Amino acid sequence: MFETLSLAVDHLLEWQVIAALLIGSIGGVIIGAIPGVGPAVAIAILLPATFSMQPLVGLTLLLGIYGSSMYGGSLPAILINTPGTAVNALTTYDGYPMTRKGQALRALGLAYGASFLSAIFSILVLILLSPVLAKVAPMFGSREIFLAALLGIVLVIVAHKGQVAAAGMMAGFGILLQSVGMEPVNYTMRYTFGMGWLTSGLDLIVVVLGLFAISQAFALMVEPESAPNATPVRGSMLKAIGEVLGFKRVALTGSTYGVLMGMIPGVGEFTAQFLSYTTARRLSQTPEEFGNGSPEGLVASESANNAVPAAALIPLLALGIPGEALTAMMLSVFYVHNVVPGPGLFQNQLDFVYALYLALIVLNVIVILWMLVSSNLLIHLIRVPTRFLGMAIMIMSFVGIYSLRNSPVDCLVAAGFGVFGVIVKRLNLPVVPVILGMVLGNIMEVKLRAASARIESPLDFVSRPISALLVLAILFIIVQAFRTTIREWSADTFTDPKTSA
């Protein structure tokens, strides 16, 4: 145990890892503070560059951007009523009203403090679960991992309430995309239509950059030019951050929801925030203040979303099953370096896992220290013109795409997916299921083929305890989703005309 920790600390003290810690944490805050960019765009752009780095360095950089962007995203949400990242949308409900009351410093301090406490809580839960993961992970064979990936697909689809059919189609589209090209067992061509450039398939990174980065660049470039203004804050940020300790119950509840929702594939920050905010309002002595500048509401939303990143690593590290688009991107970093997440990772590379945990803690410490001194500096980033941002994202995206394989065709494919991403967003359809469909679809195909050699009938899928539990979970979720849909349809259909009028 102590020898493993010592090796993890040695990994962490390498200068490349330290540089990744600083760049990821501070860069993530800056990216989060600029409305319209967000961690998905930044990670998509940086992904090609991380392939040449050591696994720990690349993952530390990406995780730093993922987690710290939510700290930065709360700044414009509170000061100008514009969330820096999508998951900071709920922060505007109470953060901006507090600013209008002259409590901007207090609101920022509560947001930063809640984010820090929930992130550390989530990392500690992840560390405590490591021994359990190390024991449970070897029990997952090919059929269990196939079923876990299938469960992830089902959860991703069901999580999109009101858009289940659209999410299902998008996930299916993602599965179709990953099947293009030469399949690895019998070397037959699938969906290439005689075009040589499709032989190697559609690269996940090209699709990710198209759907997230280039589509966002298109959107920013066609929007009316804008450069929001924000007033600098005055006072002691440390004192404001310390005030979050007066809302320990709310922060703990939000953190718990964040951990639980982060562990479940396809759920993530939005569900955690909604549950945390609703619970805090229900238990509050002043529920009427929620939405009008309630400190409890602000703490509830910020604690929930910042607990998710570390928790989302649990299914990724234990089973190699990403829970959402950002961890799906990180999975490609593992694969490029032949570091296979799953049972073998905890058995053979536990020092790497512990180094990742320690890096997460250090990242959050760096971020909170940076936020103490930089809030007024970050206000200048809010004023960056949107069209300039769009052009910068576009240029960096195409540079990253071309650097992958020096292929102009990849740039054209990414541009096509960028246009597709703009259309999908305009139609208000979910994009994330496409990426998860590509990643999980590949896992499902590989593991199903591996398991088929030992399966003689469909009943063999439930012949082992874990596979049986996974099948029951899939059936239960599908039945519950159908029941909920039918109940909502019945309520809408048989509403009393008098009451509806």
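Please refer to the structure higher up on the page.
Residues numbered from 1 in each chain as written. Predicted model: local features only at pLDDT ≥ 70, side-chain atom pairs only at ≥ 80, totals over all residues. Heavy atoms only, no water.

**Concerning helix α19 (residues 386-405)**
When the terminal C-alpha atoms of α19 are compared, their 30 Å separation across 20 residues agrees well with the 28 Å that a helix rising 1.5 Å per residue should span. On its buried face, α19 is in contact with α3 (38-50), α10 (204-222) and α20 (408-426). Positive backbone phi, at 50°, marks Asn-406, one or two positions downstream of α19. (Helix = DSSP H or I, 4+ residues; strand = E, 2+ residues; numbered from the N terminus. Expected span 1.5 Å × (residues − 1). Contact = heavy atoms within 4.5 Å.)

**Structural notes on empty space enclosed by the protein**
In total, this model carries 2 cavities of 30 Å³ or more according to the counting rule given. There is about 140 Å³ of room inside the largest cavity. For the lining of the largest cavity, the element with the highest residue contribution is helix α4 (residues 55-79), accounting for 5 residues. The residue makeup of the lining of the largest cavity, split by class, is 9 nonpolar, 6 polar and no charged. Approximately 30 Å³ is the volume found for the second largest cavity. Taken together, Arg-249, Val-250, Thr-253, Ser-276, Thr-279, Ala-280 and Leu-283 make up the full set of residues lining the second largest cavity. (1 Å grid on protein atoms, 1.4 Å probe; cavity = no way out; pocket = protein on both sides within 12 Å on 5 of 7 lines; lining within 4 Å. Points joined across faces, edges and corners; volume = space filled by probe spheres on them. Nonpolar A, V, L, I, M, F, W, Y, C, P; charged D, E, K, R; others polar.)

**Some words on a nonpolar patch on the surface**
Where nonpolar side chains cluster on the molecular surface, the patch consists of Leu-176, Tyr-191, Phe-193, Met-195, Trp-197 and Val-409 and spans about 610 Å² of accessible area. Assignment of secondary structure puts Phe-193 in the loop between β2 (189-190) and α10. (Patch = residues over 30% accessible without salt bridge, like charges linked within 9 Å, V, L, I, M, F, W, Y side chains within 5 Å. Areas by Shrake-Rupley, 256 points an atom, 1.4 Å probe, with all protein chains shown as cover. Salt bridge = Lys/Arg side-chain N within 4 Å of Asp/Glu carboxyl O.)

**Some details on the packing of aromatic side chains**
To describe a pair of aromatic rings, you give the distance between the ring centres and the angle between the ring planes. If you walk through the whole model with that rule in mind, you get 4 aromatic pairs. Judged by centre distance (5.4 Å) and plane angle (75°), the ring pair of Tyr-277 and Phe-290 falls under edge-to-face. Of this pair, Tyr-277 sits in helix α13 (residues 268-283) while Phe-290 sits in the loop between α13 and α14 (295-306), placing them 13 residues apart in sequence. Take Tyr-277 and Phe-290: they sit in the same class, and that class is buried. A ring pair is formed by Tyr-354 and Tyr-357, whose centres lie 6.2 Å apart and whose planes are at 45°; its orientation type is tilted. Taken together, the positions of Tyr-354 and Tyr-357, both in helix α18 (residues 350-382) and 3 residues apart, correspond to about one turn of that helix. For Tyr-354, a relative accessible area of 10% corresponds to the buried category. A connected cluster of aromatic rings, assembled from ring pairs, spans Tyr-93, Tyr-277 and Phe-290. (Phe/Tyr/Trp six-rings, centres within 6.5 Å; stacked < 30°, edge-to-face > 60°. Buried < 20%, exposed > 50% of the residue type's maximum accessible area, 1.4 Å probe, protein only.)

**Let's talk about the side chain of Arg-143**
Counting through the fold element by element, Arg-143 comes out in helix α8 (residues 142-159). At 4.9 Å, Glu-144 is the nearest oppositely charged side chain to Arg-143, a buried residue that forms no salt bridge. (Lys, Arg positive; Asp, Glu negative; His and termini not counted.)

**Examining the pattern of salt bridges**
Evaluated as defined, the whole model comprises 6 salt bridges. Across the pair Arg-249 and Glu-296 runs a salt bridge, and its minimum N-O distance is 3.8 Å. Separated by 47 residues along the polypeptide, Arg-249 in helix α12 (residues 248-263) and Glu-296 in helix α14 bring together distant segments of the chain. The buried category is assigned to Glu-296, whose relative accessible area is 13%. Among the salt bridges present, the one from Arg-449 reaches Glu-445, with a minimum N-O distance of 4.0 Å. Of this pair, Arg-449 and Glu-445 both sit in helix α21 (residues 432-452), 4 residues apart, which is roughly one turn of that helix. Arg-449 sits in the partly exposed class, given a relative accessible area of 36%.

**Here's the deal with the environment of Ala-318**
Structurally, Ala-318 is set in helix α15 (residues 308-319). Under the relative-accessibility criterion, Ala-318 is labelled buried at 6%. Between the C-alpha atoms of Ala-318 and Lys-135, which are 183 residues apart in sequence, the distance is 10.0 Å.

**Some remarks on the packing of α10 against α20**
Closest axis-to-axis distance for the α10/α20 pair is 7 Å, and the angle between their directions is 60°. Put simply, α10 runs oblique to α20. Crossing angle aside, the handedness with which α10 passes α20 is right-handed. Contacts between α10 and α20 involve Val-206, Val-207, Gly-210, Leu-211, Phe-212, Ile-214, Ser-215, Gln-216, Phe-218 and Val-222 from the first element and Asp-410, Val-413, Ala-414, Ala-415, Phe-417, Gly-418, Val-419, Phe-420, Gly-421, Val-422, Lys-425 and Arg-426 from the second. Here the contact of α10 with α20 is built from residues that sort into 14 nonpolar, 5 polar and 3 charged. (Axes fitted to C-alpha atoms, helices over the stretch in contact; angles between N-to-C directions. Parallel < 35°, antiparallel > 145°, perpendicular 65-115°, else oblique. Left-handed = near helix turned anticlockwise from the far one by under 90°.)

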